[in-house]
Amino acid sequence: MSSVQPCGVSDDDRRPPVNDLLEIAQRGLALKPKRLPSWLFYDERGSALFDEICEQPEYYLTRCEIALMDAHAQRIADILGSEVRLVEYGSGNARKTRMLLEHLHSPVAYVPVEISSEPLRQSVERLTKEFPRLPMQPLCADFSKPLRLPIPPRAPRRTVVYFPGSTIGNFENREAAVLLRKMRNEMGDAGGILIGVDLKKDPAVIEAAYNDRAGVTAEFTLNMLARLNREIGSNFELSAFAHRAHYNPMAGRIETHIVSRREQQVKIGRVNVAFREDEAMQVEYSCKYSLADFAALAARAGLAVQQVWTDPEQMFSLQYLVRASALTR
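Fair warning: this is a prediction, and the values are worked out from it, not measured in the lab.

**A few points about the sheet that holds strand E1 (residues 84-89)**
Reasoning step 1: Ordered by their spatial adjacency, 7 strands build an open sheet running E3-E2-E1-E4-E5-E12-E11, and the pairing between neighbours is mixed. Each having just a single partner strand, strand E3 (139-140) and strand E11 (303-310) make up the two edges of the open sheet.
Reasoning step 2: Inspection of the sheet shows strand E5 (residues 192-198) paired to strand E12 (residues 316-323) by 6 bridges, in the antiparallel sense. Looking at E12, one finds that leucine 194 is bridged to tyrosine 320.
Reasoning step 3: Against the sheet, helix H9 (residues 291-300) touches E5, E11 and E12, its axis set at about 25° to E12.

Put into structure tokens, the structure is as follows:
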């Protein structure tokens, strides 16, 4: 089990220790091809940049998901039922969550799970003002690792894991199935998963969302290198690297890389890492699904899709999953 404990609003920053981060960077940059984990995006600056990405005209995902929540939050709350404990993975600024909380019937607690402590602290402060009677139990943690959920103030009828934003797409199929299985364990027998799932569509529309004209996504991607410079003292020259995001139709995913503009060496601790000109290191996948694709993925985790909400153009979906055995009874 994870040793992560619930953190109060006043807790200090829970970054990985510098030695761990150094080891993670050295290990990832020794691979062929080089890779860095996408959670490195989300320091305080990265979280702020991601919020900016969500405002860009090309980034349809947030707009579609907010519109779906606006149209269907009441119906979703009815399906979830009363006395729910809502556990949100990667809560960020919790904008969509607010829309759901407004409609939930006598919720038992809200448990936002967020790796970046400052955005977590800020969102909990905001939500506490809006929902003063709702117990907030924030958890500073990496949701992909085993979680020890805080003890709820009273017994919930159902635990629902809320995973918005199509973040499930950042995991390759095998990893995504493992994560869904973990959620199934955390939600218990009577629980459910409310999840945002981005759908396959015109590749040009998808690519534009990850290559906005204002360059915010590029700045967000390269902030990963700035973070390593700040936290482990590496010497990445940001202007010597570029953001590249391309849709791979065979794999059904956006593949985001940081590309070296020239031959160069970067110091990572005591290790010098060589980059060739145009060498790419992989930093994120964003998988897109058909409804059938996602139903098959859910089935691999012992889950079944009970309900799907999509926009008229079928750009994006909200899906409610339950244990497969619960649907076949």
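**Considerations on the nonpolar core**
Reasoning step 1: Formed by 68 residues in total, the largest nonpolar core has its most connected members in Leu36, Leu86, Phe236, Phe241 and Met281.
Reasoning step 2: The element best represented in this core is helix H3 (residues 60-80), accounting for 11 residues.
Reasoning step 3: Apart from residues lying up to four places away in sequence, leucine 86 is in contact with Thr97, Leu100, Leu101, Leu104, Ala109, Tyr110, Val111, Val160 and Tyr162.
Reasoning step 4: Core analysis: the next-biggest nonpolar cluster, separate from the first, contains 30 residues, Val111, Ala141, Ala176 and Ala177 among them.

**Brief notes about the pattern of salt bridges**
Reasoning step 1: Tallying each qualifying case throughout the model produces 19 salt bridges.
Reasoning step 2: Measuring nitrogen to oxygen at the nearest pair gives 2.6 Å for the salt bridge that ties glutamate 118 to arginine 121. A residue pair is termed a helical-turn pair when its members lie 3 or 4 positions apart in one helix, as glutamate 118 and arginine 121 do in helix H5 (residues 117-130) at 3 residues.
Reasoning step 3: A salt bridge links arginine 253 to glutamate 255, with the shortest nitrogen-to-oxygen separation between them at 2.8 Å. Note on accessibility: arginine 253 and glutamate 255 belong to one class, buried.
Reasoning step 4: Within this structure, Lys34, Arg276 and Glu279 form a network of salt bridges that share partners.

**A short note on the environment of asparagine 272**
Reasoning step 1: The residue asparagine 272 is located in strand E9 (residues 271-275) in this model.
Reasoning step 2: Note on asparagine 272: relative accessible area 48%, which makes it partly exposed.

**Remarks on the sheet that holds strand E6 (residues 241-248)**
Reasoning step 1: Read from one edge to the other, the open sheet built from 3 strands follows the order E6-E7-E10, with strand pairing classed as antiparallel. Edge positions in the sheet fall to E6 and strand E10 (280-287), since each of these pairs with one other strand and no more. Sheet twist, expressed as the average angle between the axes of neighbouring strands with direction ignored, equals 20°.
Reasoning step 2: The sheet contact formed by strand E7 (residues 253-260) and E10 spans 7 bridges and is antiparallel. If you follow isoleucine 258 over to E10, its bridge partner there is methionine 281.
Reasoning step 3: Those strands touched by helix H8 (residues 216-232) are E6, E7 and E10, and its axis lies near 120° from that of E6.

**Focus: the packing of aromatic side chains**
Reasoning step 1: Using the criterion set out here, one finds 15 aromatic pairs in the structure.
Reasoning step 2: Between tyrosine 59 and tyrosine 210, the aromatic rings sit 6.2 Å apart at their centres with planes inclined by 70°, giving edge-to-face as the arrangement. On the criterion of sequence distance, the pair formed by tyrosine 59 in the loop between helix H2 (44-53) and H3 and tyrosine 210 in the loop between helix H7 (203-209) and H8 is long-range, its members being 151 residues apart.
Reasoning step 3: Owing to a relative accessible area of 7%, tyrosine 59 belongs among the buried residues under this scheme.

**Topic: unusual backbone geometry**
Reasoning step 1: For the peptide bond that leads from lysine 32 to proline 33, omega is -5°, which places it in the cis range.
Reasoning step 2: The residue glutamine 314 is not glycine, and still its phi comes out positive at about 55°.
Reasoning step 3: With respect to the helices and strands, the residue glutamine 314 is situated in the loop between E11 and E12.
Reasoning step 4: We classify glutamine 314 as partly exposed; its relative accessible area is 41%.

**Digging into the pairing of strand E2 (residues 109-114)**
Reasoning step 1: Of all 6 residues that make up E2, 6 are buried, and the element is covered over most of its length.
Reasoning step 2: Every second residue of E2 is oriented toward a common face, with Ala109, Val111 and Val113 on one face and Tyr110, Pro112 and Glu114 on the other, all of them buried.
Reasoning step 3: Sheet topology note: the E1/E2 ladder contains 5 bridges and is parallel. Bridge assignment links leucine 86 to a residue of E2, and that residue is tyrosine 110.

Each value, and the rule that gives it
- Residues numbered from 1 in each chain as written.
- Predicted model: local features only at pLDDT ≥ 70, side-chain atom pairs only at ≥ 80, totals over all residues.
- Heavy atoms only, no water.
- Pairing = 2+ DSSP bridges.
- Helix = DSSP H or I, 4+ residues; strand = E, 2+ residues; numbered from the N terminus.
- Contact = heavy atoms within 4.5 Å.
- Axes fitted to C-alpha atoms, helices over the stretch in contact; angles between N-to-C directions.
- Core = buried A, V, L, I, M, F, W, Y, C linked by side-chain atoms within 4.5 Å.
- Buried < 20%, exposed > 50% of the residue type's maximum accessible area, 1.4 Å probe, protein only.
- Salt bridge = Lys/Arg side-chain N within 4 Å of Asp/Glu carboxyl O.
- Phe/Tyr/Trp six-rings, centres within 6.5 Å; stacked < 30°, edge-to-face > 60°.

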